[in-house]
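Summary of the model geometry
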Amino acid sequence: MTRVQASAEVVVRAGKERSLQRRHPWLYAGAIERVIGQPASGETVAIVDRAANFLAWAAWSPQSTIRARVWSFDPQAVIDQAWFNQRIARAAQRRQHLLARTDAVRLVFGEADGLPGLIVDRYADQLVVQCLAAGVAAQRERIVESLVAATACQHVYERSDAAVRAREGLPATSGVLLGSTPSAPIEIHEDGLRYGVDIVHGHKTGCYLDQRDNRLLVGNEVARLRALREGAQIEVLNTFAYTGGFSLAALAAGAHRAVTVDSSAEALALARLNGQRNGFADERLELEQSDVFAYLTRAAQAAQRFDVIVVDPPKFAPSSAHVERAARAYKEINRKALALLRPGGALLTFSCSGAIDVDLFQKIVASAVIDARVDCTLVRRLGAGDDHPMAMTHPEGEYLKGLLLRRD
Ligand code: SAH
């Protein structure tokens, strides 16, 4: 076996090799018996068992409790430019079919694409990269080269300013890696709509691509109710709306108005521009800068009612330590939203907290339904689009879950 590419070996404690043998891509600090050599942050190391049997090639993260992240379980693999070219080309290939619908896709999604800690989003001809672990941070130049080879995009921007970088001992960093900085929001197209994406100041890399399929579902609910109610005006409430993606999908499907609530003035300013971009009259896209909890209380007092309601809050549970408090917040927000839902209407409710799994989320929403004293059925469970897949060996990769409920 060629060990030349790794100057260091990481020996796993007895019994702790099992998870790697089951192809889980993380090695926790507590599973390590000793390290032979002095690997630098992000360096490729060989992981071996106590009998020196090869287990994996991995990137060393000296500051993280996830001390190493696996590049490959193949002893013959060489983690070089060609290897990155191949992984990134495969990731791009997996998204090829989406380009018929949109020019904005998540091109690389970390562990699911065999590139732990790497996120790459494509917005038209602009790529936005997040390096969230020491390994991909150390391999950044190779990654950019592979991305250019796979996509021919000439503009690459880095948004490695997510809080998780601190857990890797990496500073926040953002800026141009290739080409130039866009001077205005980039226009992308998705399912017949146009959106502006601010890759420099926006959340994450600028846009919530993971909700693409659910935006279509909101449109479907609007269309369903319009057909059912023969000409009645369909009113939509989009909470935690960010730049208004769900509102645009609702208006495109013929909603009379979409009340769009967010606490961020910048996000709502982009939402307004997005409405104009698609030719929707300003009065149909009603913007409310407010805390959502406070807005829902006011709306209930004013006896407002809606036909379709979207609840897509930020991560209420950043870790498992926050689950209980987060559960209370999810219940409260859903109970308040359900109280505004007209009979026959639909609620699409989401959680992007990895620490709350789909079964728990469903229980939380069920208790909100009971407390709101409404009768609802669960029509389907929702998740992220297929450019955000999950490795079967890495269930931690699943984060976005949602429920589509209809009120009787
Ligand atoms: N639904 C959006 C993404 C939501 S991200 C989309 O599909 O694009 C969460 C949003 O909630 C952010 O825009 C943030 O500004 C907003 N937010 C967070 N806490 C809030 C609160 N308490 N009240 C109102 N908005 C809030």
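The structure under discussion appears in the preceding block.
Residues numbered from 1 in each chain as written. Predicted model: local features only at pLDDT ≥ 70, side-chain atom pairs only at ≥ 80, totals over all residues. Heavy atoms only, no water.

1. Considering the site of the ligand
Lining the immediate surroundings of the ligand are 14 residues, of which Phe240, Asp262, Asp291, Val292 and Asp312 lie closest. Residue Phe240 places a main-chain N or O atom 2.9 Å away from a nitrogen atom belonging to the ligand. A distance of 3.0 Å separates a nitrogen atom of the ligand from a polar atom in the backbone of Ser263. Against a free-state accessible area of 580 Å², the protein chains account for coverage of 87% of the ligand. Residues of the shell around the ligand, tallied by class, amount to seven nonpolar, four polar and three charged. (Near = heavy atom within 4 Å. Polar contact = N/O pair within 3.5 Å; in protein donor to acceptor, adjacent residues only side chain to side chain. Areas by Shrake-Rupley, 256 points an atom, 1.4 Å probe, with all protein chains shown as cover. Nonpolar A, V, L, I, M, F, W, Y, C, P; charged D, E, K, R; others polar.)

2. Comments concerning the sheet that holds strand β9 (residues 126-131)
Each strand in a sheet pairs with its neighbour through backbone hydrogen bonds, running either in the same direction (parallel) or in the opposite one (antiparallel). Across the sheet, which stays open at both edges, the five strands sit in the order β7-β8-β9-β10-β11 with mixed pairing between neighbours. Sheet topology places β7 (104-109) and β11 (173-178) at the edges, where each strand pairs with a single neighbour. Geometrically, the sheet is characterised by an average inter-axis angle of 20° between neighbouring strands, direction not taken into account. The pairing of β7 with strand β8 (residues 118-123) spans five bridges and is antiparallel. The residue of β8 that forms the bridge with Arg106 is Asp121. (Pairing = 2+ DSSP bridges. Helix = DSSP H or I, 4+ residues; strand = E, 2+ residues; numbered from the N terminus. Axes fitted to C-alpha atoms, helices over the stretch in contact; angles between N-to-C directions.)

3. Side note on the environment of Ala368
Along the polypeptide, Ala368 turns up in helix α11 (residues 358-372). For Ala368, a relative accessible area of 0% translates into the label buried. Residues Ala368 and Ile333, spaced 35 residues apart in sequence, show a C-alpha to C-alpha distance of 8.4 Å. Residues within four places of Ala368 in sequence aside, it is in contact with Lys331, Asn334, Arg335 and Leu338. (Buried < 20%, exposed > 50% of the residue type's maximum accessible area, 1.4 Å probe, protein only. Contact = heavy atoms within 4.5 Å.)

4. Observations regarding helix α9 (residues 292-301)
All of the buried residues in α9 are Val292, Tyr295, Leu296 and Ala299. Within α9, the buried residues cover an arc of 100° as seen down the axis, which keeps them to one side. Where α9 is buried, its residues contact β14 (235-239), β15 (257-262), β16 (285-289), β17 (306-311) and α10 (323-338). At the N-terminal end of α9, a side-chain oxygen is found 3.2 Å from the backbone nitrogen of Phe293, two or three residues along, and the residue is Asp291. (Arc of directions from axis to C-beta.)

5. Considerations on the pairing of strand β10 (residues 155-160)
Extensive coverage of β10 is indicated by the burial of five of its six residues. Where β9 meets β10, four bridges bridge the pair, whose relative direction is parallel. Bridge pairing in β10 links Val128 to Tyr157. Relative to β11, β10 runs antiparallel, the two being bridged by five bridges. Bridge pairing in β11 links Glu158 to Gly175.

6. Things to note about unusual backbone geometry
Even without glycine at this site, Ala124 takes up a positive phi of about 55°. Look at Asp191: it is not a glycine, yet its phi comes out positive at around 45°. Mapping Asp191 onto the fold places it in the loop between β12 (186-190) and β13 (193-197).

7. Regarding the side chain of Arg106
Structurally, the position occupied by Arg106 is in strand β7. Here Arg106 falls in the buried class, since its relative accessible area comes to 5%. Those residues within four positions of Arg106 in sequence are excluded, and the remaining contacts are Arg95, Ile119, Val120, Asp121, Leu209, Arg212, Asp387 and His388.

8. Observations concerning the side chain of Arg87
The residue Arg87 is located in helix α2 (residues 81-95) in this model. In this structure, Arg87 is buried with no salt-bridge partner, the nearest side chain bearing the opposite charge being Asp74 at 7.7 Å. A polar contact of 3.0 Å, which involves the side chain of Arg87, links it to the backbone oxygen of Gly114. Sequence-distant contacts of Arg87, that is, excluding residues within four places in its chain, are made with Trp71, Ser72, Asp113, Gly114 and Leu115. (Lys, Arg positive; Asp, Glu negative; His and termini not counted. Salt bridge = Lys/Arg side-chain N within 4 Å of Asp/Glu carboxyl O.)

9. What to know about the nonpolar core
Core analysis: the biggest nonpolar cluster contains 41 residues, and Tyr123, Val222, Val236 and Leu348 have the highest contact counts within it. For this core, the secondary-structure elements that each account for two or more residues are β7, β8, β12, β13, α6 (212-228), α7 (245-252), β17 and β18 (341-351). (Core = buried A, V, L, I, M, F, W, Y, C linked by side-chain atoms within 4.5 Å.)

10. Some details on the sheet that holds strand β4 (residues 44-48)
Across the sheet, six strands lie side by side as β2-β6-β5-β4-β1-β3; this open sheet has mixed pairing. Taken across any chain shown, the strands that pair with only one partner, and hence form the sheet edges, are β2 (26-28) and β3 (32-36). Geometrically, the sheet is characterised by an average inter-axis angle of 35° between neighbouring strands, direction not taken into account. With four bridges connecting them, strand β5 (residues 54-60) and strand β6 (residues 66-72) associate as antiparallel partners. Residue pairing across strands places Ala58 opposite Val70, the latter belonging to β6.

11. A closer look at the packing of α2 against helix α4 (residues 140-151)
Relative to each other, α2 and α4 sit at 50°, their axes nearing to 9 Å. Relative to α4, α2 is oriented oblique. Considering only the axes of α2 and α4, their crossing is right-handed. Taken together, the residues of α4 that come into contact with α2 (itself represented by Gln81, Phe84, Asn85, Ile88, Ala89 and Ala92) are Arg142, Ile143, Glu145, Ser146, Leu147 and Ala150. When the residues that make up the contact of α2 with α4 are grouped by side-chain class, the tally is seven nonpolar, three polar and two charged. (Parallel < 35°, antiparallel > 145°, perpendicular 65-115°, else oblique. Left-handed = near helix turned anticlockwise from the far one by under 90°.)

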